[in-house]
Amino acid sequence: MISHASDISVVIPYYNREQYIDATVQSVLAQSIRPLEILIVNDRSRPGARQHIERYSKVCKILDLPKNVGLAGARNAGMRAARGKFIALLDDDDIWLPHKLEVQRRYMDDHPDCFMVHSAVWAFFSDKPDQLWVWCEPGNMTLAKSLTDKYWVCPSTMFFRAKEAWYMGAFDPAFRQCEDRDFLIRVCAAGLNVQCISDPLVRLRREDHDRLTRHTYKILRTDLKMCWKHRRKYLDAYGLQGIVSFVLEKTRIATRETRYLDGAGRFVLRFIDLKYPIRNEYRDPISNDLQGQPESIAV
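Residues numbered from 1 in each chain as written. Predicted model: local features only at pLDDT ≥ 70, side-chain atom pairs only at ≥ 80, totals over all residues. Heavy atoms only, no water.

Got a sec to walk through the overall build of the protein chain? Specific residues and values, please.
The number of helices and strands found in the protein chain is 11 helices and 11 strands. Residue burial in the protein chain is summarised as follows: out of 299 residues, 56% are buried. Here the contacts in the protein chain between residues at least 6 apart in sequence split such that 75% fall between residues at least 24 apart. Summed over its atoms, the accessible surface of the protein chain is roughly 14,100 Å², and 53% of this surface lies on carbon and sulfur atoms. (Helix = DSSP H or I, 4+ residues; strand = E, 2+ residues; numbered from the N terminus. Buried < 20%, exposed > 50% of the residue type's maximum accessible area, 1.4 Å probe, protein only. Contact = heavy atoms within 4.5 Å. Areas by Shrake-Rupley, 256 points an atom, 1.4 Å probe, with all protein chains shown as cover.)

Laid out in C-alpha cells, this is it:
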C-alpha cells in the first residue's frame, strides 16, 4: 500500500440517484487507500433524494448548489471546493473497483509528466453479461484522436492534477451533455498528457435507467455543438472530411434504433468512408511515437 491517499479529492455529482448512490459511495469507502475527502455535489435534487445522502454527512462533505447546473457545473463546484492535489471523478451511478485509487495514484508517481490517467471499464447491464470496454491505445492521447468517436475517456475513470485542470478551464458548463469530450479535446489542445490503463478499474452502469446517454437526440445536438466549437481543430487535423465523418458517425449512433432513419443512415454510409485521414502538414500538440507521421484513423 502506498502512503499518498491524503492528496486525493473525490468529486461525485449527485442528482436524484438515491437508488444508486449507496453503492457508489461504498465503493469509495472500500478503496485500498483512503482519499483526503469525498465531496458529494448535490445538483438541486428533489427533497427526498437530498435527504437520502444526509446519512453520509459524517464521512463526506455535501455541497448543496442553489440551482441545477448539470454535470459540468457540478463537477466544477466540487473541484473548486477540493483541497487535494489530485481529483478523482465518479458519477453517482457508477462503482469503483477496490484498488482503483491506489493503481492510479501509483501511476502518477511513475509518470510525473502525466496530467490525467484513465482506464478501461466493466460495463454492466440488467439483461446481459458484463462487457469490457476499452477506448485507448498505448501512449499519450493525441488531439487528433480525441476529435474522433473511437477514443473516449469515461468520466468515472478520470484521475487528474487539480492545478492544471483549472489552468485549462475545467469543464464547460455550457454543455449539458458531451462535456467530457469537450474537456478531453481542450486538455489535448493544451498539450497536456492523457494516458490510459488498459485494465478495468470501474464498473460502468448501463442498466435500463435514466441516464444522459439514453437521450440520443439531445446527445447528437450537443455533439454537433461541440464539433462546431472545435471546428478549427477538426479542419487542421483532417480537413472538411473530419467534420463530415464525425457528424455522420454520431448521426448513425443517434438513429440506430429509429425506424426508417436507421436503415437510411446505413444506406448512406455504404457510399461514404468514415476514416479520418490526417493531413500531411498537421502537427499535433501532443508528442508521441507517431508525431509528424500522417495516418488514417478508422472508425
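Can you lay out the side chain of D43 for me, pointing to particular residues and giving the numbers?
Along the chain, the position of D43 falls in the loop between β2 (37-42) and α2 (47-52). Although D43 lies buried, it forms no salt bridge, and the closest oppositely charged side chain, R176, sits 5.1 Å away as judged by the N-O distance. (Lys, Arg positive; Asp, Glu negative; His and termini not counted. Salt bridge = Lys/Arg side-chain N within 4 Å of Asp/Glu carboxyl O.)

So what's going on with the state of the cysteines? Residues and values would help.
Using the criterion set out here, one finds 1 disulfide in the structure. Each sulfur of the disulfide joining C136 and C196 lies 1.9 Å from the other. The sign of the S-S torsion, about -45°, decides the handedness of the disulfide formed by C136 and C196: left-handed. One end of the pair, C136, is in the loop between β7 (131-133) and α5 (143-146); the other, C196, is in strand β9 (residues 193-205), and 60 residues separate them in sequence. (Disulfide = S-S within 2.5 Å.)

Mind laying out empty space enclosed by the protein, listing which residues take part and the relevant values?
One pass over the full model with this rule turns up 2 cavities of 30 Å³ or more. Taken as a whole, the second largest cavity spans an internal volume of roughly 60 Å³. What lines the second largest cavity is H118, C136, E137, G139, N140, M141, K145, Y151, V194, Q195 and C196. At 3 residues, β9 tops the list of elements feeding residues into the lining of the second largest cavity. Looking at the lining of the second largest cavity residue by residue, the class counts come to 5 nonpolar, 4 polar and 2 charged. (1 Å grid on protein atoms, 1.4 Å probe; cavity = no way out; pocket = protein on both sides within 12 Å on 5 of 7 lines; lining within 4 Å. Points joined across faces, edges and corners; volume = space filled by probe spheres on them. Nonpolar A, V, L, I, M, F, W, Y, C, P; charged D, E, K, R; others polar.)

Give me unusual backbone geometry: which residues, what numbers.
Located in the positive-phi region is N16, a residue other than glycine, with phi close to 55°. Take N16: it is sitting in the loop between β1 (8-14) and α1 (21-29). Residue N16 is classed as buried on the basis of its relative accessible area, which comes to 16%. A positive phi is found at C178, a non-glycine position, where the angle reads about 60°.

Pulling in residues and values, what's your account of helix α9 (residues 231-238)?
Restricting attention to buried positions, one finds in α9 the residues Y234, A237 and Y238. In an axial view of α9, the angular spread of the buried residues amounts to 75°, which keeps them on one side of the axis. At the exit of α9 stands G239, carrying a positive phi of roughly 75°. (Arc of directions from axis to C-beta.)

I'd like a description of a nonpolar patch on the surface, backed by residues and values.
Together, W122, L132 and V134 give the surface a local cluster of nonpolar side chains, amounting to about 250 Å² of exposed area. On the accessibility criterion, V134 (41% relative accessible area) is partly exposed. (Patch = residues over 30% accessible without salt bridge, like charges linked within 9 Å, V, L, I, M, F, W, Y side chains within 5 Å.)

So what about the pairing of β2? Which residues, and what values?
Residues in a regular strand project their side chains so that they alternate between the two faces of the sheet. The element β2 is extensively covered by neighbouring structure, given that 6 of its 6 residues are classed as buried. Neither face of β2 is exposed, since E37, L39 and V41 on one face and I38, I40 and N42 on the opposite face are all buried. One ladder, built from 6 bridges, connects β1 with β2; its direction is parallel. The residue of β2 that forms the bridge with I12 is I40. As judged from the 4 bridges shared by β2 and strand β3 (residues 61-64), these two strands associate in the parallel manner. By the bridge assignment, I40 is partnered in β3 with I62. Note that the unit made of β2, α2 and β3 has a crossover that is right-handed. (Pairing = 2+ DSSP bridges. Right-handed = clockwise from strand over helix to strand, strands pointing away.)

An account of the environment of V28 is requested, with residue identities and associated values reported.
Residue position: V28 is located in helix α1. Judged by relative accessible area, which is 0%, V28 ranks as buried. Residues V28 and P98, 70 residues apart in the sequence, show an inter-C-alpha distance of 7.7 Å.

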